[in-house]
Amino acid sequence: MADKKYIYLQPTPIRIWHWLNALGIVTLCVTGGQIRFPEYVNIFGTYKAAIELHNTAGIVVAISFFLWAFYYLVVARSMVKLYIPNKDDIQHGILRQAKFYFLLFFLGRPNPHHTTPDDKFNPMQKSAYLAIMFILVPLVIVTGILLMNVAPLREAVLMIGGLKLLVGTHFLLACSLCAFLFTHVYLATLGHTPFAHFKPMWTGWEEEVDH
Ligand code: HEM
């Protein structure tokens, strides 16, 4: 049997950001469920405890988001290259990748995207991560900060349409993040083995697959 080859895919700061962020977002979803539906969900004892944990997890997610942005913008300078889909990704790549996820994977065919450290996301991942990290997460953070400081930031809250609209927007954004989470974890299991994509997010190293 040929020797296995490994590539270094996930640098340490990104792995720290990712798992801190995942823990934070899962905590936000569960505590948010209790805050929104206290009559059905009671996991953290009191309502106050759920709010305090929700606020703490929100701060962790906000800080780790800046760690992510700082690493890709200032240290690695690879944010644009990795996260912005190119013309071919948009015209053909997304459809090609969707066909793989929906059909070819189940027929045992190889992934059309060859992962390298400079091109580690397939076109669907690029588009999804772009929407999540450039739109959804920043908006959840901004609406969350406003909700944590309604009194001092009263003017800003009124400017964007009032408290009701702010609460509704924050809730809808959170539902979208929650939906992303399930899809994200499922798609991450579609490697050449179910844990093939999880290992590099833990150790940094991904096994190269020879087709
Ligand atoms: C239980 C929760 C989670 C698990 C098990 C998980 C799993 C993974 C795995 C295995 C990867 C590497 C393979 C891939 O790119 O698909 C990954 C990457 C990624 N995940 Fe997650 N994830 C979780 C939560 C989240 C959340 C909440 C977000 C964002 C809000 C997120 C955003 C990302 C991004 C942006 C990447 C690419 C990171 C990079 O290489 O720059 N993940 N995740």
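The rules behind these values
- Residues numbered from 1 in each chain as written.
- Predicted model: local features only at pLDDT ≥ 70, side-chain atom pairs only at ≥ 80, totals over all residues.
- Heavy atoms only, no water.
- Donors = N, O, S within 2.8 Å, 3.2 Å for Na, K, Ca; no water.
- Tetrahedral: all angles 85-135°; square planar, octahedral: opposite > 155°, others 65-115°.
- Helix = DSSP H or I, 4+ residues; strand = E, 2+ residues; numbered from the N terminus.
- Buried < 20%, exposed > 50% of the residue type's maximum accessible area, 1.4 Å probe, protein only.
- Phe/Tyr/Trp six-rings, centres within 6.5 Å; stacked < 30°, edge-to-face > 60°.
- Near = heavy atom within 4 Å.
- Polar contact = N/O pair within 3.5 Å; in protein donor to acceptor, adjacent residues only side chain to side chain.
- 1 Å grid on protein atoms, 1.4 Å probe; cavity = no way out; pocket = protein on both sides within 12 Å on 5 of 7 lines; lining within 4 Å.
- Sits in = over half its atoms within 2 Å of the grid points.
- Disulfide = S-S within 2.5 Å.
- Expected span 1.5 Å × (residues − 1).
- Bend = angle between axes of the 7 residues up to and from the residue.
- Contact = heavy atoms within 4.5 Å.
- Salt bridge = Lys/Arg side-chain N within 4 Å of Asp/Glu carboxyl O.

Asker: Describe the coordination of the iron atom of the ligand, and please don't skip the residues or the numbers.
Answerer: In this structure, His18 (NE2) and His184 (NE2) serve as the protein donors to the iron atom of the ligand, at separations of 1.9 to 2.0 Å. Relative to the metal, the six donor atoms surrounding the iron atom of the ligand lie at angles of 84 to 179°, and the coordination shape comes out octahedral. With His18 in helix H1 (residues 12–36) and His184 in helix H7 (residues 163–188), the pair connects residues that are 166 residues apart, well separated along the chain. Taking the relative accessible area as the measure of exposure, His18 reaches 13% and is therefore buried.

Asker: Outline the packing of aromatic side chains, supporting the account with residue identities and numerical values.
Answerer: Evaluation of the coordinates by the stated rule reveals 19 aromatic pairs. Pairing Tyr8 with Trp205 gives two aromatic rings, centres 5.0 Å apart and planes at 55°, and the pair type is tilted. Note that Tyr8 is positioned in strand E1 (residues 6–8) and Trp205 in strand E2 (residues 205–207), a separation of 197 residues in sequence. Pairing Trp68 with Tyr72 gives two aromatic rings, centres 6.0 Å apart and planes at 80°, and the pair type is edge-to-face. Residue Trp68 and its partner Tyr72 are both found in helix H2 (residues 47–75); the two are separated by four residues, about one turn of the helix.

Asker: Can you tell me about the site of the ligand, naming the residues and giving the values?
Answerer: Neighbouring residues of the ligand: 26 residues in total, closest His18, Tyr72, Tyr83, Tyr129 and His184. Contact between the ligand and Gln10: an oxygen atom at 2.9 Å from a side-chain N or O atom of the residue. Between Lys120 and the ligand, the recorded distance is 2.8 Å, taken from a side-chain N or O atom to an oxygen atom. In this structure the site holding the ligand corresponds to the largest pocket. Listed by contribution, the elements that provide at least two residues to the shell around the ligand are H1, helix H5 (123–148), H7 and helix H8 (198–203).

Asker: Which residues make up the state of the cysteines, and what values do they have?
Answerer: All told, the structure shown has zero disulfides when counted by the stated rule. Here Cys178 stays unpaired: no disulfide links it, and the sulfur of Cys29, its closest cysteine neighbor, is 3.7 Å away.

Asker: How would you summarise H5 if you had to cite specific residues and measurements?
Answerer: The end-to-end C-alpha separation of H5 is 36 Å, in line with the 38 Å expected for 26 residues at 1.5 Å each. When the local axis directions of H5 are compared, the greatest deviation, roughly 35°, occurs at Ile132. Where H5 is concerned, the buried positions are Pro123, Lys126, Tyr129, Ile132, Met133, Leu136, Val137, Val140, Ile141, Thr143, Gly144 and Leu146. Packed against the buried residues of H5 are H1, H2, helix H3 (79–83), helix H4 (87–102), helix H6 (154–159) and H7. Its side-chain oxygen at 2.9 Å from the backbone nitrogen of Met124, Asn122 defines the N-terminal cap of H5.

Asker: Provide a residue-level description of the pattern of salt bridges, including the pertinent values.
Answerer: Counted according to the given criterion, the structure contains five salt bridges. Here Arg96 makes a salt bridge to Asp88, at a shortest N to O gap of 3.6 Å. Overall, the relative accessible area of 40% leaves Arg96 in the partly exposed class. The partly exposed category is assigned to Asp88, whose relative accessible area is 38%. When the shortest N-O distance is used, the salt bridge between Lys126 and Asp119 registers 3.9 Å. Using a relative accessible area of 30% as the deciding quantity, one classes Asp119 as partly exposed. Within this structure, Asp89, Asp119 and Lys126 form a network of salt bridges that share partners.

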